[in-house]
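Residue-level structure breakdown
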Amino acid sequence: MHVLLFDDPAIRPHLLPFTFTRPVAALRCGILTLAEKWQHRLGGQPVGYLTEPYLQAKYPAGATAGPALVINGAICPDDVLAQQVQALAAGEALFCDETLVAAHLADATQVAELIQEGFQKTRDVVEPITIIREVWHLFLRNGAEIRRDFDLLTKDRESAPVGDAHTIVYAPENVFIEPGVKIRAAILNAENGPIYLGKNSQVHEGAIISGPLALCEGSHINAGAKMRGDNTVGPFSKVGGEVGNSILLGYSNKGHDGYLGNSVIGEWCNLGADTNTSNLKNNYAPVKIWSHSAGRFVNTGQTFCGLMMGDHSKCGINTMFNTGTVVGVGANIFGAGFPRTFIPSFSWGGAAGFETFRLPKVAEVAERVMARRSLAYDQVEQDIMRHVYEQTVKDRVWERTAPAAPVGGTEL
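Residues numbered from 1 in each chain as written. Predicted model: local features only at pLDDT ≥ 70, side-chain atom pairs only at ≥ 80, totals over all residues. Heavy atoms only, no water.

**Some points on unusual backbone geometry**
Heads up, the condition is: In this text, helices come from DSSP runs of H or I with a minimum length of four residues, and strands from runs of E with a minimum of two, each type numbered from the N-terminal end.
Put simply, Leu16 and Pro17 share a cis peptide bond, and its omega is 10 degrees. Looking at the secondary structure, you find Pro17 in the loop between β1 (2–6) and α1 (34–41). With an omega dihedral of 0 degrees, the bond running from Gly211 to Pro212 counts as a cis peptide bond. Its location among the elements puts Pro212 in the loop between β15 (208–210) and β16 (213–215).

**Some words on the nonpolar core**
Our working definition: We call a set of buried Ala, Val, Leu, Ile, Met, Phe, Trp, Tyr and Cys residues a nonpolar core when their side-chain atoms join them within 4.5 Å. Three exposure classes are used, based on accessible area relative to the maximum for each residue type with a 1.4 Å probe and protein chains only: buried under 20%, partly exposed in between, and exposed over 50%. Any two residues whose heavy atoms approach within 4.5 Å at even a single point are treated as in contact.
With 48 residues, the main nonpolar core has Leu81 and Val101 as its most contacted residues. Per-element tally for this core: the top contributor is helix α4 (residues 135–140), with four residues. Every residue in contact with Val101, bar those within four places of it in the chain, is listed here: Val70, Ile71, Asn72, Ile75, Leu81, Leu94, Phe95, Cys96, Val125 and Ile129. Counting 36 residues, the second-largest nonpolar core is a separate cluster that includes Ile177, Val233, Ile265 and Leu307.

**Details of the packing of helix α6 (residues 359–371) against helix α7 (residues 379–391)**
Inclusion rule: Only the stretch in contact is used when a helix axis is fitted, and all axes are lines through C-alpha atoms; the angle between N-to-C directions ranges over 0 to 180 degrees. Should an angle fall under 35 degrees it is taken as roughly parallel, and over 145 as roughly antiparallel, whereas 65 to 115 is taken as roughly perpendicular and any remaining angle as oblique. Crossing handedness is defined as follows: a turn of the near helix away from the far one that is anticlockwise and smaller than a right angle gives a left-handed crossing, while the clockwise case is right-handed. In this count, Pro and Cys sit with the nonpolar residues alongside Ala, Val, Leu, Ile, Met, Phe, Trp and Tyr, while Asp, Glu, Lys and Arg are called charged and the others, Gly among them, polar.
Where α6 meets α7, the axes come as close as 11 Å, and the angle between the chain directions of the two elements is 140 degrees. With respect to α7, the element α6 is oriented oblique. Read as a crossing pair, α6 and α7 show a hand that is right-handed. In contact with Leu359, Val362 and Met370 of α6, α7 contributes Glu381, Met385, Arg386 and Tyr389. Looking at the contact of α6 with α7, its residues break down into five nonpolar, no polar and two charged.

**Some remarks on the sheet that holds strand β3 (residues 68–72)**
We count it as follows: We call two strands paired when DSSP finds no fewer than two bridges between them.
Read from one edge to the other, the open sheet built from six strands follows the order β2-β1-β3-β6-β5-β7, with strand pairing classed as mixed. Either end of the sheet is taken by a strand with one partner, and the two such strands are β2 (48–50) and β7 (123–124). Pairing of strand β5 (residues 93–96) with strand β6 (residues 99–105), which is carried by four bridges, proceeds in the antiparallel orientation. Counted as the bridge partner of Phe95 is Leu100 from β6. Contacts from helix α2 (residues 79–86) reach β3, β5, β6 and β7 within the one sheet, and its direction differs from that of β5 by about 145 degrees.

**A word on the sheet that holds β16**
Here we have nine strands laid out as an open sheet, ordered β10-β13-β16-β19-β22-β25-β30-β33-β35, and parallel in their pairing. With one partner strand each, in any of the chains shown, β10 (175–177) and β35 (342–343) form the two edges of the open sheet. Here strand β19 (residues 231–233) runs beside strand β22 (residues 247–250); their pairing, made up of two bridges, is parallel. Following the sheet pairing, Thr232 is matched in β22 by Ile247.

**A look at the packing of aromatic side chains**
This is how it is decided: Stacked, tilted and edge-to-face pairs are distinguished by plane angle, under 30 degrees for stacked and over 60 for edge-to-face with tilted covering the rest, among Phe, Tyr and Trp rings (Trp via its six-membered ring) whose centres lie within 6.5 Å.
Under the counting rule described, the total for this entry stands at 10 aromatic pairs. Ring centres 4.7 Å apart and planes at 25 degrees place the aromatic pair Tyr251 and Trp268 in the stacked group. In this pair, Tyr251 is assigned in the loop between β22 and β23 (253–254) and Trp268 in the loop between β25 (264–267) and β26 (270–271), connecting sequence segments 17 residues apart. What makes Trp268 buried here is its relative accessible area of 6%. Consider the rings of Phe334 and Trp348, whose centres lie 5.3 Å apart with planes at 70 degrees: the pair is edge-to-face. Of the two residues, Phe334 is situated in the loop between β34 (332–333) and β35 and Trp348 in strand β36 (residues 347–350); the sequence distance between them amounts to 14 residues. What makes Phe334 partly exposed here is its relative accessible area of 34%. Chaining the aromatic ring pairs together yields one cluster made of Phe236, Tyr251 and Trp268.

Put into structure tokens, the structure is as follows:
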């Protein structure tokens, strides 16, 4: 039976800018992406994505003919929910209140139409479930999801040894080390939550790590870093400085000193040396952030909320981000002062103002950055970025008063 993870049209717009460049189920919360969580819970069965047409080349649905389990990609499963989904008979649909959780279709060829038109509820979930409905839910749920994924990935397995006489470990039973990990003179404190060190990752000299923490494959925690808990460093990333309750989705760098808190950083991002994020307002009021779906600032209801940065965005040294800043895709931020709290996709500039970062220049940077990880900025990636560029024109308000420039122009 096929497993298809769909983008709920009532949820996906609220997870922009991250879902500009990936399906909802490709988001990372905890150690694993939401898709990987389902894959593990369903016995390793491959999953396909039902997402926006411009993303399908990179995230294919696979075969859609025949019977299929259709699952909401915004939901983080546990064993009980996975069992409920697998127990669905053909024609049955599982709901949480008014949200479709999963359905068993005898023939999945018409699934897109059914998602739009609606399924008839036949079952309800038997326990509360975790649904990632807003961007800040990613960091809010991260600690709990690290714990859940840790149990899933390490059950009946033996950790590799620390292998370094100068590393101090508290609660070693809560530390799991995959093959190829290198640790030098660090402090690992797993008393308040598990620490997972992925394959071929490295923890450098003097790093202080408090759990829960997920360090994914090939990633580095740099010398002297202070990881304060509830953190995920996605694959092939580098992190230094002070980090608390934050997620780097993967292939991104925060290599130097500076504070990152209650934040989510997309792929192929770079935070310059001494970049700092504010995650708490001086008056302790709830944080408002820009909502792409609402087209305005919305109240998160959270006292702590830092930076939401979309894929392929960068910032220069000493960048200062105000509380609840949202940065779109492909932005380049630099200069003195605090930039605005909503920085549209393909922006170039800072507190002094912005102009448009044109696609040819974005491509030059992306090609160089991805080559450093031995990956190509191929036609599939280029087509996704072009679509996002065209989709976000309305956000770049300065273009309304400036002469129009072609998408393929030579300007910045």
